[in-house]
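The lines below spell out each chain.
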Amino acid sequence: MKDISNDALAQELLGQIARLKKEREAVILAHNYQPPEIQDLADFTGDSLELSRMAAKTPAKVIVFCGVQFMGETAAILSPDKTVLLPVLEAGCTLADYATAERLREAKEKNPDAVVVTYVNSSAEVKAESDICCTSANAVQIVQAIDRNRPILFVPDYNLGHYAAKMAQREIILWDGCCPTHALLSTFAIAEARKKWPGAQVIMHPECKPETLELADFIGSTSGMLSYVKTQPAGTSFIVGTEVGLLHRMQKENPGKTFHVASDYLICPMMKMTTLKDVKDSLEKMRYAVKVEASVRLRAKAAVDAMLQYTGTVVHKSQKMK
Ligand code: 13P
């Protein structure tokens, strides 16, 4: 891990960020996949669900969202009275791009009775066409709660939808999207990792492919995995099947345990775009403000609110497939 304590430029940027944050009355939120130095400077680091909740309740006037576009949009949907800044304009999400509002409207026409459950990794326009949103932390519970007489259309992640269907024992109409980072994690990579680190537990994010998930000892959202590793005895080692950024918090919060990333390919290039300079520039120049058109925002908010109201205090639940 890069140590920035002796990096004069990084320290100067951190000083500027602290001053600007106060002046702007801003809060800095970071997703668990952000680079270590961004996680460390954030006021709050968490998974998509935790960050949505935080964005909805923060009294700050400005939210600097260190993450990707759909996360900034979710914050803007929930907090129209605040300025939401995304430090890197181009930080998108390939998974979110698999669904468009137009394609979703066509799918709804073909499945007129279906309840549309949309993963938050989606655009505001797609959320606006949906009945309820979910995150990886609550997808199973949301699907379980839907009237068994209604079909479910799950958008846009095939793998998470497949996992939720299996866990909730429901038939689900699946979309054809995936997170290319998680979809790259193969059964071969897991077998190799188990050979390399015998005795290690394998933990994975539900965006991994069904056949890869079959090999997991524990499946959960990023924060679900963080909570799980805390419950395991000192000295345990883990093979982590999700974006490598999560290992920073895992190592920091669990000094007596060992963490190995399951594959060197588990890097989301979009999540890794944010630099300290981007955060400084964002606060200084008040850029890039996330805007969601009012009519889209209200319909998208209804789907996000339905999720937040439903989940109550259920944030992560220990979920094992076998
Ligand atoms: P979390 O729900 O764990 O934050 O995951 C979000 C994500 O984008 C995974 O790739």
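Participant: Go over the overall build of the protein chain, please, and point to the residues and values.
Facilitator: When its secondary structure is counted, the protein chain shows 16 helices and 12 strands. Here the protein chain has a C-alpha radius of gyration of 19 Å; the compact-globule value for 322 residues is 20 Å, and the two agree. Out of the 322 residues belonging to the protein chain, those deemed buried represent 58%. Long-range pairs, those at least 24 residues apart, make up 64% of the contacts in the protein chain between residues at least 6 apart in sequence. The positive charge centre, built from 38 side chains, and the negative charge centre, built from 38, are 4 Å apart in the protein chain.

Participant: Before we move on, could you go through the nonpolar core and cite the residues and values that matter?
Facilitator: Membership of the largest hydrophobic core comes to 85 residues, with the highest contact counts inside it found for Val117, Ile203, Met250 and Met307. Those residues in contact with Met250, other than ones at most four positions away along the chain, are Ile203, Met225, Leu226, Val229, Val240 and Phe259. Judged by nonpolar contacts, the second largest core, of 18 residues, contains Ala10, Ile28, Val279 and Leu283.

Participant: Account for the pattern of salt bridges, naming residues and giving values.
Facilitator: Inspection of every chain in the model, using the stated rule, returns 19 salt bridges. The closest approach of N and O atoms between Lys108 and Glu129, which form a salt bridge, is 3.0 Å. Of the two residues, Lys108 is situated in helix 6 (residues 101-110) and Glu129 in the loop between helix 7 (124-128) and strand 6 (132-134); the sequence distance between them amounts to 21 residues. Since its relative accessible area comes to 27%, Lys108 is described here as partly exposed. A network of salt bridges, in which partner residues are shared, links Lys277, Lys280, Asp281, Glu284 and Arg287.

Participant: I'd like a description of the site of the ligand, backed by residues and values.
Facilitator: The environment of the ligand is made up of His31, Tyr33, Asp47, Ser48, Tyr119, Asn121, Ser136, His182, His205, Glu207, Ser221 and Thr222. Side-chain polar atom of Asn121 to an oxygen atom of the ligand: 2.9 Å apart, as the coordinates give it. For the ligand, whose free accessible area comes to 300 Å², the fraction covered by protein is 95%. Because more than half of its atoms lie within 2 Å of the grid, the ligand is assigned to the largest pocket. Taken together, the residues of the shell around the ligand sort by class into two nonpolar, eight polar and two charged.

Participant: Quick rundown of unusual backbone geometry? Include the residues and the values.
Facilitator: Following Val155, the chain continues into Pro156 via a peptide bond in cis, with omega recorded as -15°. Here Pro156 is to be found in the loop between strand 7 (152-155) and helix 9 (158-168). The omega angle of the peptide bond from Arg287 to Tyr288 is -5°, so this bond is cis rather than trans. Mapped onto the elements of the fold, Tyr288 is located in the loop between helix 15 (276-285) and helix 16 (294-311). For Glu25, which is not a glycine, the phi torsion comes out positive at approximately 55°.

Participant: Outline the layout of surface pockets, supporting the account with residue identities and numerical values.
Facilitator: Computed from the structure, the largest pocket encloses a volume of approximately 310 Å³. Around the largest pocket, the lining comprises 29 residues; the ones closest to its centre are Tyr33, Cys93, Asn121, Cys179 and Glu207. The set of elements that each furnish at least two residues to the lining of the largest pocket consists of helix 3 (48-57), helix 4 (69-78), helix 5 (94-97) and helix 10 (180-183). For the lining of the largest pocket, the element with the highest residue contribution is helix 10, accounting for three residues.

Participant: Quick one: what's the story with the packing of helix 3 against helix 4, residue by residue and with numbers?
Facilitator: Relative orientation of the contacting elements helix 3 and helix 4 amounts to 35°, with a least axis distance of 8 Å. For the crossing formed where helix 3 meets helix 4, the hand is right-handed. Judged by residue contacts, Ser48, Ser52, Ala55 and Ala56 of helix 3 engage Met71, Thr74, Ala75 and Leu78 from helix 4. Broken down by class, the residue content of the contact of helix 3 with helix 4 amounts to five nonpolar, three polar and no charged.

Participant: So what's going on with helix 6? Which residues, and what values?
Facilitator: Within helix 6 the residues assigned to the buried category are Ala101, Leu104 and Ala107. For helix 6, the angular spread of the buried residues around the axis is 120°, confining them to a single face. Exposed residues pointing more than 90 degrees away from the buried face of helix 6 are listed as Glu102, Glu109 and Lys110.

Participant: With reference to specific residues and values, describe the pairing of strand 3 (residues 62-66).
Facilitator: Where burial is concerned, most of strand 3 is hidden: five out of the five residues are buried. Because side chains alternate across strand 3, one face comprises the buried residues Val62, Val64 and Cys66, and the other comprises Ile63 and Phe65, equally buried. The sheet contact formed by strand 3 and strand 4 (residues 83-85) spans three bridges and is parallel. Looking at strand 4, one finds that Val62 is bridged to Thr83. Handedness of the crossover joining strand 3 and strand 4 through helix 4 is recorded here as right-handed.

About the thresholds
Residues numbered from 1 in each chain as written. Predicted model: local features only at pLDDT ≥ 70, side-chain atom pairs only at ≥ 80, totals over all residues. Heavy atoms only, no water. Helix = DSSP H or I, 4+ residues; strand = E, 2+ residues; numbered from the N terminus. Rg over C-alpha atoms; globule rule 2.2 N^0.38 Å. Buried < 20%, exposed > 50% of the residue type's maximum accessible area, 1.4 Å probe, protein only. Contact = heavy atoms within 4.5 Å. Lys, Arg positive; Asp, Glu negative; His and termini not counted. Charge placed at Lys NZ, Arg CZ, Asp CG, Glu CD. Core = buried A, V, L, I, M, F, W, Y, C linked by side-chain atoms within 4.5 Å. Salt bridge = Lys/Arg side-chain N within 4 Å of Asp/Glu carboxyl O. Near = heavy atom within 4 Å. Polar contact = N/O pair within 3.5 Å; in protein donor to acceptor, adjacent residues only side chain to side chain. Areas by Shrake-Rupley, 256 points an atom, 1.4 Å probe, with all protein chains shown as cover. 1 Å grid on protein atoms, 1.4 Å probe; cavity = no way out; pocket = protein on both sides within 12 Å on 5 of 7 lines; lining within 4 Å. Sits in = over half its atoms within 2 Å of the grid points. Nonpolar A, V, L, I, M, F, W, Y, C, P; charged D, E, K, R; others polar. Points joined across faces, edges and corners; volume = space filled by probe spheres on them. Axes fitted to C-alpha atoms, helices over the stretch in contact; angles between N-to-C directions. Left-handed = near helix turned anticlockwise from the far one by under 90°. Arc of directions from axis to C-beta. Pairing = 2+ DSSP bridges. Right-handed = clockwise from strand over helix to strand, strands pointing away.

Honestly, that's just the spatial picture; any functional story needs more than this.
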